[in-house]
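Working through the structure, step by step
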Amino acid sequence: IKQDIGTFGGEVYITPDLTLSNKSRVQRSVLDYIGTLPENPIDATKTLSANPQSRYQVTQNIANQTEAVYKSYLGGWKNTLTGGVEYSREIASIDKFTGLSSEALPGGFTGTGSLSGVSIYNPQFTFLPFGGTPTLSGLPTNIAIDTTSGYLIDTANYNDVVILNGGIRYDNYNIKASGFGTFNNVANNFNAQEQQYGLPNFNLGLTLNPLPNASVY
């Protein structure tokens, strides 16, 4: 497993009450493994089957957030208003090694590729039964997710006795997949697919502090 992450950002104080900030992140991760999954234990012989598993996945992500914070004070109320927009794009390429079973669920792999008779207490080295030098299949599944979001959050505080907060956020997801893992039942072949979803959410809260050591919310 390998991850490389870079984050940078900055703030601009437009006025003493208004702050504008921007943050960006670039990330790349690699998941690369060959292993076995223990299955089908047999109590009488104290053995199990070793189901070969593998994955080579490269994921890249870029994200940017722009946010404005405005603070005001009126009639004993301290008010903080926060609004922002976010955008991120995540791209993943998922492949596997040849000569090993897939990670398809449910049930996993139960064919001749699983090595049976493996001792539960003293498992032998189980790589050799799966073939020679592992090579990638060259049939990756490619996934791209674009997310665009906007939010507005407000907090009003009256002398630390009454605190009101509320916010709303909307996320729009666009998901595209192509390659070996995108099966089209109608055409009976592998094809590109795309889906788009919108998700609104909100929060609203009231907190009362009648005593320094007590609060009701």
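Keep in mind the model is a prediction, meaning the values are calculated, not measured. (Residues numbered from 1 in each chain as written. Predicted model: local features only at pLDDT ≥ 70, side-chain atom pairs only at ≥ 80, totals over all residues. Heavy atoms only, no water.)

1. Points about the overall build of the protein chain
Along its length, the protein chain carries zero helices and 11 strands. Along its sequence from the N terminus, the protein chain presents helices and strands in the succession β-β-β-β-β-β-β-β-β-β-β. Taking all 217 residues of the protein chain together, 24% fall into the buried category. For the protein chain, the accessible surface area stands at approximately 14,400 Å², while carbon and sulfur atoms represent 60% of it. (Helix = DSSP H or I, 4+ residues; strand = E, 2+ residues; numbered from the N terminus. Buried < 20%, exposed > 50% of the residue type's maximum accessible area, 1.4 Å probe, protein only. Areas by Shrake-Rupley, 256 points an atom, 1.4 Å probe, with all protein chains shown as cover.)

2. Quick word on unusual backbone geometry
Trans is the common state for peptide bonds, and a negative phi is the common state for residues other than glycine. Of note, the phi angle at asparagine 159 is positive, near 55 degrees, even though the residue is not glycine. On the basis of relative accessible area, asparagine 159 is assigned to the partly exposed category, the value being 48%. The backbone of aspartate 160 sits at a positive phi, close to 60 degrees, despite the residue not being glycine. Its location among the elements puts aspartate 160 in the loop between strand E6 (141-158) and strand E7 (162-179).

3. Quick notes on the pattern of salt bridges
Scanning all chains against the criterion turns up four salt bridges. Close ionic contact of lysine 46 with aspartate 43 constitutes a salt bridge, the shortest N to O distance being 3.6 Å. Among the residues examined, aspartate 43 registers a relative accessible area of 61% and is labelled exposed. The closest approach of N and O atoms between arginine 89 and aspartate 146, which form a salt bridge, is 2.6 Å. Note that arginine 89 is positioned in strand E4 (residues 77-95) and aspartate 146 in strand E6, a separation of 57 residues in sequence. (Salt bridge = Lys/Arg side-chain N within 4 Å of Asp/Glu carboxyl O.)

4. Concerning the packing of aromatic side chains
All chains considered together, the criterion is met by one aromatic pair. Relative to tyrosine 158, the ring of tryptophan 77 lies with its centre 5.2 Å away and its plane at 40 degrees, an arrangement referred to as tilted. Placement of the pair is tryptophan 77 in strand E4 and tyrosine 158 in strand E6, with a sequence separation of 81 residues. Using a relative accessible area of 30% as the deciding quantity, one classes tryptophan 77 as partly exposed. (Phe/Tyr/Trp six-rings, centres within 6.5 Å; stacked < 30°, edge-to-face > 60°.)

5. Considerations on the pairing of E6
Bridge count for E4 against E6 is 18 bridges, and the pairing is antiparallel. Looking at the pairing, glutamate 86 lines up with serine 149 of E6. Of the strand pairs in this sheet, E6 and E7 are connected by 18 bridges, and their pairing is antiparallel. Bridged to threonine 147 within E7 is tyrosine 173. (Pairing = 2+ DSSP bridges.)

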